[in-house]
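# Examining the three-dimensional arrangement
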Amino acid sequence: NINIPLPPIGEQKQITAILDAADELRQKDKALIAKYDELTQSLFLNMFGDPVTNPKGWDEIKLSEVCQKITDGTHHSPEPQSEGFPYVTAKHVKAFHLAFDSKPTFVNGDAHREIYKRCSPEFGDVLYIKDGATTGVACLNTFEQPISLLSSLALIKTSRDKLNPQYLIHWLNHSGVKEKLISQFMSGAAIQRYTLKKISSFILPVPGISLQDKFASYIQVIETQRIVASKSLYKSESLFGSLLQKAFKGELTN
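Described in the following lines is the structure provided in the data block. Fair warning: this is a prediction, and the values are worked out from it, not measured in the lab.

### Points about the side chain of Ser200
Mapped onto the elements, Ser200 comes out in helix H5 (residues 196–200). Residue class for Ser200 comes out buried when judged on its relative accessible area of 18%. Setting aside residues up to four positions removed in sequence, Ser200 forms contacts with Lys62, Leu63, Ser64 and Ile70.

Here's what the structure looks like:
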């Protein structure tokens, strides 16, 4: 019994053709980004082998032994602000990249300074989701200015002469590694959560740092292209949304 606006069938087809063309553009951008992600994962396996079975026989070392610091963000959620210091939470951390601008949150100076005493992220540090539905996802911190973290995120500062952060996030985000860590550290747990002690206990294969650095340099080239594709996707998503609004306001074919 719901009344709906129903343009003539000819106009419906015209609207559909316009929206299909816009959707095709954004789907191509999404597919290109997916290809870049596949390329980085393929490169990782090519250079280092399967990270679970370690067929190349790399030395297996406890994470704490190749890191300067492993901590987490504030355990007391501050009042979010519309401006101030960036306040990064699990919702911002995606596999391999930080998506802060989609839903930005901030804290004031007093709250930030209190959090920063405990947890001081720097550019290139690893941010790792340690509890919640998306536990086990890792990315690099791409902020050059100081930021604050919530306790759902672990901050991992690697010893750069032993462990390249790019290598670490690709190891952590590998599906097989995720399954292995969950089975080792979350057996029977109702809620997915890693303590800092458990994260520090992760055992990972550690190739020579020169090979890790070479991998990171390749990733940087791919990431540059991925950023271009991401900007293109943002534009095509915005275009599609704008056209959709116009379509349902009856303005698209005028």
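Now that the structure has been shown, we can carry on.
### Focus on unusual backbone geometry
Leaving glycine out, the prevailing phi sign among residues is negative, and the prevailing peptide bond configuration is trans. Located in the positive-phi region is Asn54, a residue other than glycine, with phi close to 50 degrees. Notably, Phe96 is not glycine yet its phi reads approximately 80 degrees, a positive angle. Assignment of secondary structure puts Phe96 in the loop between strand E4 (93–94) and strand E5 (97–98).

### Regarding the pattern of salt bridges
Enumeration according to the criterion identifies 14 salt bridges in this entry. Two residues, Arg26 and Glu237, come together in a salt bridge whose shortest N-O distance is 3.0 Å. Placement of the pair is Arg26 in helix H1 (residues 9–48) and Glu237 in helix H6 (residues 209–248), with a sequence separation of 211 residues. Assessed through its relative accessible area of 29%, Glu237 is described here as partly exposed.

### Overview of the nonpolar core
Among the nonpolar cores identified, the biggest contains 37 residues, and Leu63, Tyr128, Ile156, Trp171, Leu172 and Phe202 are the most heavily contacted of them. The greatest single-element share of this core, amounting to 6 residues, is contributed by H1. Here Phe202 is in contact with Ile61, Lys62, Leu63, Tyr128, Trp171, Leu172, Leu181, Phe185 and Tyr194, once residues within four sequence places are set aside. One finds Phe100, Leu127, Phe143 and Leu155 within the second-largest nonpolar core, a separate group that totals 16 residues.

Rules of the game
Residues numbered from 1 in each chain as written. Predicted model: local features only at pLDDT ≥ 70, side-chain atom pairs only at ≥ 80, totals over all residues. Heavy atoms only, no water. Helix = DSSP H or I, 4+ residues; strand = E, 2+ residues; numbered from the N terminus. Buried < 20%, exposed > 50% of the residue type's maximum accessible area, 1.4 Å probe, protein only. Contact = heavy atoms within 4.5 Å. Salt bridge = Lys/Arg side-chain N within 4 Å of Asp/Glu carboxyl O. Core = buried A, V, L, I, M, F, W, Y, C linked by side-chain atoms within 4.5 Å.

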